[in-house]
Amino acid sequence: MYLYETKVGATILHNTTYYHALPIGLAELHQARLRELKGGGAYVRVRNHPLPLTKIASLYIDTFLTLIAAVFLLLPFCYIPGTLAMFWVRERELHVKHVHFVSGVTPLQYWLVALVYDILCVAVIDTCFVIILILYGNDEFIGTPGRSWATYFLVFSYGVSAVSLSLLLSSLFKSATGAQIGISAFHFISGFVLLLFSSILESIPSTYDFAEFMKQAVFRMLPPFVLGEGLINLSVVALFEEVLGETISPWDWKVLGRPLAYMYSSAALYFLLVLALDSKSDMRAFYRYLVGSSASSSPPAPAPAGVGGGGPRSFEMATLPQRPGARAVAAAGAAGSEDEDVAEERRLVRAYLREQEAKGAGAEAGAAIAIESLRKVYPPMAVDS
């Protein structure tokens, strides 16, 4: 046919996911040329039957799709820590946490209960996640019982480390809404964004060493990044087993062993930092109490008759740093413009203490605790209605 002796330039736009698109496009092109040469009644009949994909080719396609799914699976997991942390910020905002501490709850007890509660919530979410994978039949993650358990422990370990990190980050926020948005954004950047950034750096020979250094020094201390790395490692296990012809355990160090070790070690580190930050104020108060006790030269008052274990103590309240508005109010009180009822109450208390001291019973006799020079200053109002 003269069709093949003529030069025909054509561009065929077709859908690459539809196997018959390209043959149909070529058939239409040849039919148009045939009708141009032979007349309007000519036509081309095409039969197309693509060969089935080999096992390796099919596995390559499935692995590629699973890699994309593994990256995008990070998106919903970024919102879980921020949602759980907002409740603890809300407790601090409403002074519920302060009430717990005043009632005798230690920082270890408070944060341990918070950690356990959040981990239980994460365990329920992880269980639902694995059930969804089973329903969709994703063999790369749940193809065998070993992979199923490995996937569950990977996301559970992420929950433990991410919850510990979110408890630490919650101290930076004053509102529950801000904590939810800020912590979720942090996990999105440290997971989805950094994972793509690291992959790009590794694909460039000149930045490969820098990418490996950043992964070991910084990135693997971030739970979302480690979760993405573990999901990617799991998704290529089936391909490597087929290519190498050997069985690879999902618990291998290069598959999930290293991600699990990083996540649990970072979880312990973040939780210890939470305890250290919350115990810092208690340690300062205890230090001030010890310094004040050693600097005091007056002996404690003798115990009243009939009272065992020592009598009541008198505390002289230390002057704390004040804001500029509070200092102005305190200066006004010292100049004689304080409330008359407050001044009268101070005069009565001091007269009572002097009377008890004159009787020889001690200034604190008759009172469980005598507090002197305690001042509560209210800052000036921003709006005077």
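Residues numbered from 1 in each chain as written. Predicted model: local features only at pLDDT ≥ 70, side-chain atom pairs only at ≥ 80, totals over all residues. Heavy atoms only, no water.

A. Structural detail: a nonpolar patch on the surface. Judged by side-chain polarity, Tyr19, Leu53, Ile61, Phe64, Leu65, Ile68 and Phe72 come together as a nonpolar surface patch covering roughly 740 Å² of accessible area. Note on Ile68: relative accessible area 36%, which makes it partly exposed. (Patch = residues over 30% accessible without salt bridge, like charges linked within 9 Å, V, L, I, M, F, W, Y side chains within 5 Å. Areas by Shrake-Rupley, 256 points an atom, 1.4 Å probe, with all protein chains shown as cover. Salt bridge = Lys/Arg side-chain N within 4 Å of Asp/Glu carboxyl O. Buried < 20%, exposed > 50% of the residue type's maximum accessible area, 1.4 Å probe, protein only.)

B. Spatial organisation of the pattern of salt bridges. What the rule picks out here adds up to 7 salt bridges. When the shortest N-O distance is used, the salt bridge between Asp278 and Lys97 registers 3.0 Å. With Asp278 in helix α12 (residues 253-295) and Lys97 in helix α4 (residues 96-102), this residue pair connects regions lying 181 residues apart in the sequence. Under the relative-accessibility criterion, Lys97 is labelled buried at 11%. (Helix = DSSP H or I, 4+ residues; strand = E, 2+ residues; numbered from the N terminus.)

C. The arrangement of the packing of aromatic side chains in detail. Here the structure, examined in full by the defined rule, presents 14 aromatic pairs. Judged by centre distance (6.4 Å) and plane angle (85°), the rings of Trp149 and Tyr152 are edge-to-face. On the criterion of helical spacing, the pair formed by Trp149 and Tyr152 is a turn pair, its members being 3 residues apart in helix α7 (residues 145-169). On the basis of relative accessibility, which here comes to 53%, the residue Trp149 falls in the exposed class. Relative to Phe156, the ring of Tyr152 lies with its centre 6.3 Å away and its plane at 10°, an arrangement referred to as stacked. Of this pair, Tyr152 and Phe156 both sit in helix α7, separated by 4 residues, roughly a single helical turn. Like Phe156, Tyr152 is buried. Grouped by ring-pair contacts, the aromatic residues Trp88, Phe101, Tyr110, Trp111 and Tyr117 constitute a single cluster. (Phe/Tyr/Trp six-rings, centres within 6.5 Å; stacked < 30°, edge-to-face > 60°.)

D. Quick peek at the side chain of Ser235. Note that Ser235 resides in helix α10 (residues 223-235). On the basis of relative accessibility, which here comes to 0%, the residue Ser235 falls in the buried class.

E. Representation of helix α11 (residues 237-244) within the structure. Those residues of α11 lying buried are Val237, Ala238, Leu239 and Glu241. Positioned one or two residues after α11, Gly245 has a phi angle of 70°, which is positive.

F. Structural detail: unusual backbone geometry. Located in the positive-phi region is His95, a residue other than glycine, with phi close to 65°. The exposure class of His95 is exposed, given its relative accessible area of 51%.

Limitation: the analysis is restricted to geometry and does not speak to function.
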